Every structure is written in C-alpha cells, then in structure tokens.
Amino acid sequence: MRKVTLLLLGVLIIATMVISAPVLHMYTALDVNEAKIYIEAFEKATGIKVDWVRMSSGEVVARLTAERNNPRASIWFGGPAVDFIAAKKRGLLEPYKSPNAWSLDLTFKDYDGYWTGFYLGVIGFASNTEQLKELGVEAPTSWQDLLKPEFKGRISVAYPYTSGTSYTILAGLIALMGEDEAFDYYKKLDKQIHHYNKSGSACVTQVGLGEVTVGISFAHDIVKKGVSKGYPVKLTIPKEGTSYEIGAMAVVKGGPEPELAHKFIDWMLTAEAQSLMKNWFRVPLNPDAEVVEGAVRITDVNVIPLDFVYFGNAKDRIIERWKNEIQYGD
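As a starting point, this report considers the structure included with it. (Residues numbered from 1 in each chain as written. Predicted model: local features only at pLDDT ≥ 70, side-chain atom pairs only at ≥ 80, totals over all residues. Heavy atoms only, no water.)

Moving on, we come to the overall build of the protein. A count of helical and extended segments in the protein gives 13 helices and eleven strands. Taken over the C-alpha atoms alone, the protein extends approximately 80 × 40 × 40 Å along its principal axes. In the protein, buried positions account for 53% of the 330 residues. A sequence separation of at least 24 residues applies to 75% of the contacts in the protein between residues at least 6 apart. When the accessible surface of the protein is totalled, it reaches about 14,900 Å², and 54% of it is carbon and sulfur. Considering the protein, the positive charge centre built from 36 side chains and the negative charge centre built from 39 side chains are found 5 Å apart. (Helix = DSSP H or I, 4+ residues; strand = E, 2+ residues; numbered from the N terminus. Buried < 20%, exposed > 50% of the residue type's maximum accessible area, 1.4 Å probe, protein only. Contact = heavy atoms within 4.5 Å. Areas by Shrake-Rupley, 256 points an atom, 1.4 Å probe, with all protein chains shown as cover. Lys, Arg positive; Asp, Glu negative; His and termini not counted. Charge placed at Lys NZ, Arg CZ, Asp CG, Glu CD.)

Take a look at the structure:
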C-alpha cells in the first residue's frame, strides 16, 4: 500500500510539473528543420516550452488577421521585415523594445518596437548544374537571363502573397526597374515559370531533384537546402542588383503570453543564439555571433536599396496588382 501511495504521489508531482510548465505559442515562417534548431535551444536554456506552427509569412499575416479578436499565438518568429511592417499597419503587432536590441542600427528594427530584426538575407538563383549542361547554357547571372528560351517552363518560385521571399523578389524588381516596368518584366517571367509554390524555399529542393532547372530564393536557403546537401545546385546572384531582407520577429497584439514572447526575443538576440544560425548559413545581426563560411553577406553582392516602410505599407496594393495582372491576367 505504501509503495502504491508513493507511486501515485510521484505521478502527481510529474503531472503537476508538466501542467505548470510555461508554454509559449509561436507562429514561425522559418523552415521547419531550421526553426527546430532555435526552439529546442530556447527550451533547453529557459525551461519554457514552445508550441509552434510553421507557415509562410504571408500566411502568418492572414492567420493573425483572422484571429485578431482572439489571438492564439504570442510571437511571430522569422520572415522579411516588409511583412511585419504590413502587419503593423493592420494593427496585429504589439511594441516591445528588447534591452538586447539597444545596439542595433535603426535600419534593423522598428523605431517604436513593433518588430526587431535578427538576420540578413539576399535573393539568389539556384540552378541544377546537370540540366544546365544538358541545355548547353550557363547559370543565370541576371534577371534578363531568366527570360532566355532555354529556361522556358523550367523556373520555380513562390506566390508573392503567401511567401515573404517572393514578395521580397517583387519589391526588389520594383525598386530596380520602377513599378510599371517591373510588372512588364514579371509578365514575361511568368511565361517562363513551371509552377508557383506556397513556400519561398521549396524551389531549392525542386531544383536539387531536377524537377525544375532554376529556382529563385534566398541565398542561405539555396546553400543549406541545395549545395550543402550534395545536390547538383549552383548559387548565382543577379548582377544588376538583388533584393534583400531583414529577417524579423515581433510580439502578437493581445497574444496569451506576452512576457514569454519578450523572453524569446531577448534570448534570440544573444550571441549564443545567433551563432546557431551558422547551421543554416544565415548572416546574424549580432556582431559577436559567428558567421559560417559560405554565408552570403550583403556587402559581398550588389544589393538594391529598398525602402522597407514603403513596401510594407504598399504590400496589399502591390499584391492585388500582381494577382490581377499576373495570376489572373492574360
């Protein structure tokens, strides 16, 4: 009887510990396998459990908009800053100024604390080297190269309304060419597209497997999911200039665990946490964090100057135009 009582007591203590463990609810736009790296390290460092869901950043904005009267998540982790600016405009975010973000340049965070940057990424082309050889063509090194007849029906990219990656591409083209000229270019590019994806990095694996010849995605995803996996994938950067992102995170307005969200943001800005990004070839913003060889810095390439506030606030209008003229157009 005494043994049974002790056993029941032990079970009760364990159950109480599980029930009382704090839980942070998160939406993340990072790749599932990458998100695990940071989330598991955060759980180990703090004892805070994370209940998370992966979506593309456009889908995160849609989910937060649908849940605005009853938020289910407390933090949005990962995705281009332009999408966070669009979410701020919709009143979906809550300001938080992390003490660990004090040294960040204002370029990398919202002045009022509605979002905080934690990495940089640039857009590149992923090309299947075996197919390039069969076609007798070099890997594309410019936006105009994508319009070559050899690439017709052989390119993959994501929808700009579901993917922050793809909206970053569209915003960069507008900044480079002007809006009307960029849409004229995209109409030509659309005729080269084999298919569109929901996720911005999905095209990299498709290139690696030979399902398409060229994909347009962030360079860190191309290196991590293509080159480093041993696929016949080559990374090139458009020479006219390429678009880039400030990867960000933010507290969800009215979310159930704002204090836990603050703790995650504080932790993610530490050099220890940011050094974990070497596992995905990202370039961290904390100057004390490690940067792995092979990661592409914006200082290494020709980047297009972007007005993130403009493209964040104009996103709904630009996306609507893309749907009308590209997706549903002739």
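To continue, consider empty space enclosed by the protein. For the structure on display, the rule yields two cavities of 30 Å³ or more. Listed by contribution, the elements that provide at least two residues to the lining of the largest cavity are β3 (75-80), α6 (164-177) and α9 (219-227). Looking at the lining of the largest cavity, its residues break down into six nonpolar, ten polar and six charged. Shared between two domains, the lining of the largest cavity holds at least three residues of each, these being domain 1 (23-120 + 245-300) and domain 2 (122-243 + 316-326). Reported here for the second largest cavity is a volume of approximately 30 Å³. What lines the second largest cavity is Leu 120, Gly 121, Val 122, Ala 219, His 220, Phe 281, Val 283 and Val 296. (1 Å grid on protein atoms, 1.4 Å probe; cavity = no way out; pocket = protein on both sides within 12 Å on 5 of 7 lines; lining within 4 Å. Points joined across faces, edges and corners; volume = space filled by probe spheres on them. Nonpolar A, V, L, I, M, F, W, Y, C, P; charged D, E, K, R; others polar. Domains from an automatic or database assignment.)

Looking now at the side chain of Asp 221. If you trace the backbone, Asp 221 turns up in helix α9. Notably, Asp 221 is buried but unbridged: the nearest opposite-charge side chain belongs to Arg 282, and the N-O separation is 4.5 Å. A distance of 2.9 Å separates polar atoms of two side chains, one belonging to Asp 221 and the other to Trp 280. Residues within four places of Asp 221 in sequence aside, it is in contact with Ser 201, Val 204, Gly 226, Trp 280 and Arg 282. (Salt bridge = Lys/Arg side-chain N within 4 Å of Asp/Glu carboxyl O. Polar contact = N/O pair within 3.5 Å; in protein donor to acceptor, adjacent residues only side chain to side chain.)

Our next topic: the environment of Asn 100. Turning to its location among the elements, Asn 100 is positioned in the loop between β4 (93-94) and β5 (116-128). Here Asn 100 falls in the partly exposed class, since its relative accessible area comes to 34%. Once the C-alpha coordinates of Asn 100 and Trp 267 are considered, the two residues, 167 residues apart in sequence, prove to be 8.2 Å apart. Excluding residues that lie within four positions of it along the chain, Asn 100 makes contacts with Asp 266, Leu 269 and Thr 270.

Running from amino to carboxyl end, α6 crosses helix α7 (residues 179-190) at an angle of 125°, the nearest separation of the two axes being 7 Å. The orientation of α6 relative to α7 falls into the category oblique. The handedness of the crossing between α6 and α7 is right-handed. Along its contact with α6, which presents Ser 166, Leu 170, Leu 173, Ile 174 and Met 177, the element α7 presents Glu 179, Glu 181, Ala 182, Phe 183, Tyr 185 and Tyr 186. (Axes fitted to C-alpha atoms, helices over the stretch in contact; angles between N-to-C directions. Parallel < 35°, antiparallel > 145°, perpendicular 65-115°, else oblique. Left-handed = near helix turned anticlockwise from the far one by under 90°.)

With that settled, consider the packing of α6 against helix α13 (residues 315-327). For any two helices packed against each other, the geometry comes down to the angle between their axes and how far apart the axes lie. Between α6 and α13, the least distance of the axes is 12 Å, while the angle of their chain directions is 90°. Taken together, the axes of α6 and α13 are roughly perpendicular relative to one another. Note on element contacts: α13 touches α6 through Lys 315, Ile 318, Ile 319 and Trp 322, opposite Tyr 167, Leu 170 and Ile 174. Of the residues contributing to the contact of α6 with α13, the split by class is six nonpolar, no polar and one charged.

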